[in-house]
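Chain and residue survey
In case you want the letters, here they are:
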Amino acid sequence: MPIVEQDNMLCPIELRPIPAEPLVSILVSNYNYARYIGDSIQSALDQTYTNLELIVCDDGSTDDSISVIEEYERKDPRLRFIRKRNEGQASGFNAAFAASRGEIIALLDSDDLFLPHKVERIVANFQANPDSGFGLHRIIRINANLQRQGVWPMSAALPKGWYGSRLMEDGGILAFMPPTSGLSLRRQVADRIFPLPLESPLVKCPDQLITRLAPLITNVTREDEALSQYRLHSNNNYGQDRVTAAFFKRELEYCDALWGAQERFLKTIDPRLAEDFQPVSLSHYILYNKFLYARLAKSPDVRYHYDLFMASLTSLERRDVRYLWFWKISPYLPYVVFDFAFNLMTRQSWLKQLVARMKKMS
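1. Quick look at the overall build of the protein chain
- Within the protein chain, the regular secondary structure consists of 14 helices and eleven strands.
- Looking at the protein chain as a whole, 56% of its 362 residues qualify as buried.
- Put simply, 77% of the contacts in the protein chain that link residues at least 6 apart link residues at least 24 apart.
- Counting only carbon and sulfur atoms, one obtains 54% of the accessible surface of the protein chain, whose full area is about 16,800 Å².

Structure follows, in C-alpha cells:
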C-alpha cells in the first residue's frame, strides 16, 4: 500500500487484520554469550502464549554458545537454530527474520529475559490496536546477577500513535525508546525494514535502527508495564556505571549514521520525502548530546554548544524540560561538580526508583 498522501505527506501503511491466535516469531542474534543465552532461550520458551517459534542465530561464536543452544534445540521443536560466520548483531537478526514465519516479530537480545506473559501481552496489544504495526513496552534493568537496577524509561511516557510527520520535521529522533527486548513488529512492517544494513556502526545498533525506521511507516502502540529484563554488564552498550564523554561521542556517531539510514529508507518510498527530511543536526536531542560531550570532554567550544542547546529548549514546552535550573547554571559549575551532578541525575538510584513506583501507584 502507498504511504505517501497528496502534498507529499507521509502516512501509515495499511495493515491486514491480525489472526485470533497469530504465530509469533521471537528472533535472537547471539555472539559469545554462552553464559547468558540459555536463560534467554528458556525465558522465550516459558511463555504463557504458546503459538510461537524461537529462531536463534549464532553469529560465529567462539565460546560454548553453540553447545548451549543445541541442547535447547533438542528439547523443544519450537526452537530453530541457525549458524553463520561472524558479521555483526544486525546480520544475525537478518538471518533469523529470513527464516521466520510469524505474523508478529518479537526481538530478544541473547543476554536478556522475557517475563512469562510478555508475548501474550504484546499479542493482545496488537489486537486491541489493529492500525499499529510497531509495539513498545518498558524494560526492567538488571545486573549480571539478576538484581533489579530500575525500569527504562523510568517515568517518561512511551510513544504512542503516529509520529511520521513529526520525525520528518525534527531529524528523525523519537525519545524514550526501549532497547531490543522491548520491541515488536507486525510482519508487514518488518518486511519493509529487513534486511537491516550491515555497515558500521549500524550493524552494532539494530534496535536503534528499527526505532528510527518503523515509526516512519506505522503507528506505534505501547504497553506501559515492563515485560522484559535488560541485563547491564560491561560488554553491552549501556552497561557502564558512569556516563562519560565517550558515551556521547558514540551516541553522536550513531545518530549521524541512523539519520543517513532513514534518508535512504525515505528515498525508497518517494525521493521527495528524503528531500524534505530535516537534518539531524537541528534536533534538540543532538544539541543536548553535543553540549554534554563538549562539557565532559572539556572542549574549548563548550559555550558555543551550550548556547545552541539552551536556544533549543525554547522550542519545547516548559513541562518537557527537566532540571531546567541545572542546565542554566551548568557552564559555571566546576568540572568535578558538573560530572558528579549530571551522573547523579541520569543514573537510576534506589530513591528515584522508589519515587517512580509511588507515582505509578498513586
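2. A short note on the packing of helix 10 (residues 284-296) against helix 11 (residues 302-313)
- As a packed pair, helix 10 and helix 11 sit with axes 8 Å apart at the nearest point and diverge in direction by 150°. By the criterion of interaxial angle, the relationship of helix 10 to helix 11 is roughly antiparallel. Considering the relative orientation of helix 10 and helix 11, their crossing is left-handed. Here His284, Leu287, Tyr288, Lys290, Phe291, Ala294 and Arg295 of helix 10 come into contact with helix 11, specifically with Val302, His305, Tyr306, Leu308, Phe309, Ser312 and Leu313.
- Its residues assigned to classes, the contact of helix 10 with helix 11 shows nine nonpolar, three polar and two charged.

3. Brief notes about empty space enclosed by the protein
- With the rule as written, the count across this model stands at one cavity of 30 Å³ or more.
- Taken as a whole, the largest cavity holds about 40 Å³ of empty space.
- Looking at the largest cavity, the residues that line it are Ile122, Asn125, Phe126, Gly135, Leu136, His137, Ser184, Thr221, Arg222 and Glu223.
- Where the lining of the largest cavity is concerned, the elements lending two or more residues are helix 4 (118-128), strand 8 (132-143) and strand 11 (219-232).
- By residue class, the composition of the lining of the largest cavity is three nonpolar, five polar and two charged.

4. Notes on the packing of aromatic side chains
- A complete count under the given rule lists 19 aromatic pairs for this structure.
- Considering the side-chain rings of Trp152 and Phe176, the 6.2 Å spacing of their centres and the 45° angle between planes classify their relative orientation as tilted. Within this pair, whereas Trp152 is found in strand 9 (residues 148-152), its partner Phe176 is found in the loop between helix 5 (164-169) and strand 10 (183-186), the two being separated by 24 residues in sequence.
- The class for Phe176 is partly exposed, based on a relative accessible area of 35%.
- Summarising the aromatic geometry, the rings of Phe248 and Phe342 are spaced 5.9 Å apart at their centres and angled 50° between planes, so their arrangement reads as tilted.

5. Remarks on the pattern of salt bridges
- A full pass over the atoms with the stated rule returns 19 salt bridges.
- We note a salt bridge from Asp170 to Arg166, for which the minimum N-O separation is 3.8 Å.
- Judged by relative accessible area, which is 43%, Arg166 ranks as partly exposed.
- One continuous salt-bridge network, built from bridges that share partners, spans Asp59, Lys84, Arg85 and Glu87.

6. Thoughts on the environment of Glu21
- Tracing the backbone shows Glu21 in the loop between strand 2 (9-10) and strand 3 (24-30).
- We classify Glu21 as exposed; its relative accessible area is 61%.
- For the pair formed by Glu21 and Thr50, sequence separation is 29 residues and the distance between their alpha carbons is 9.5 Å.
- For Glu21, the residues in contact, after removing those within four places along its chain, are Tyr49, Asn51 and Gln127.

Thresholds, definitions, all that
- Per chain, residue numbering runs from 1 following the sequence as it is written.
- Given that the model is predicted, a residue must reach a pLDDT of at least 70 before its local features are reported, and side-chain atom pairs must reach 80 or more before they are shown or counted; all residues, however, enter totals for whole chains, interfaces and linings.
- In computing side-chain values, all of the structure's heavy atoms are included and hydrogens and water are not.
- Going along the chain from the N terminus, every DSSP run of H or I of four or more residues is numbered as a helix, and every run of E of two or more is numbered as a strand.
- Only protein chains enter the accessibility calculation, which uses a 1.4 Å probe. A residue is then buried if its area is under 20% of the maximum for its type, exposed if over 50%, and partly exposed in between.
- Whether two residues are in contact is decided by their heavy atoms: any pair within 4.5 Å suffices.
- Accessible areas in this description were obtained via Shrake-Rupley with a 1.4 Å probe; residue shielding takes into account the shown protein chains only.
- Every axis corresponds to a line fitted to the C-alpha atoms, with the helix fit spanning only the stretch in contact, and the corresponding angles, defined between N-to-C directions, vary from 0 to 180 degrees.
- Roughly parallel means an angle under 35 degrees; roughly antiparallel means over 145; roughly perpendicular covers 65 to 115; every other angle is labelled oblique.
- Should the near helix be turned anticlockwise from the far one by less than a right angle, the crossing is left-handed, and should it be turned clockwise, the crossing is right-handed.
- Each residue gets one label: Ala, Val, Leu, Ile, Met, Phe, Trp, Tyr, Cys and Pro are nonpolar, Asp, Glu, Lys and Arg are charged, and the others, such as Gly, are polar.
- Buried and open spaces are told apart on a 1 Å grid over the protein atoms alone, a cavity being a set of points where a 1.4 Å probe fits but cannot get out and a pocket being an open set with protein on both sides within 12 Å along at least five of seven lines. Residues with an atom within 4 Å of a point are the lining residues.
- Grid points are joined across faces, edges and corners, and a volume is the space filled by probe spheres set on the points.
- Pairing of aromatic rings covers Phe, Tyr and Trp, the last through its six-membered ring, and needs centres within 6.5 Å; plane angles under 30 degrees mean stacked, over 60 mean edge-to-face, and all others mean tilted.
- Salt bridges are identified by distance alone: a Lys or Arg side-chain nitrogen within 4 Å of an Asp or Glu carboxyl oxygen.

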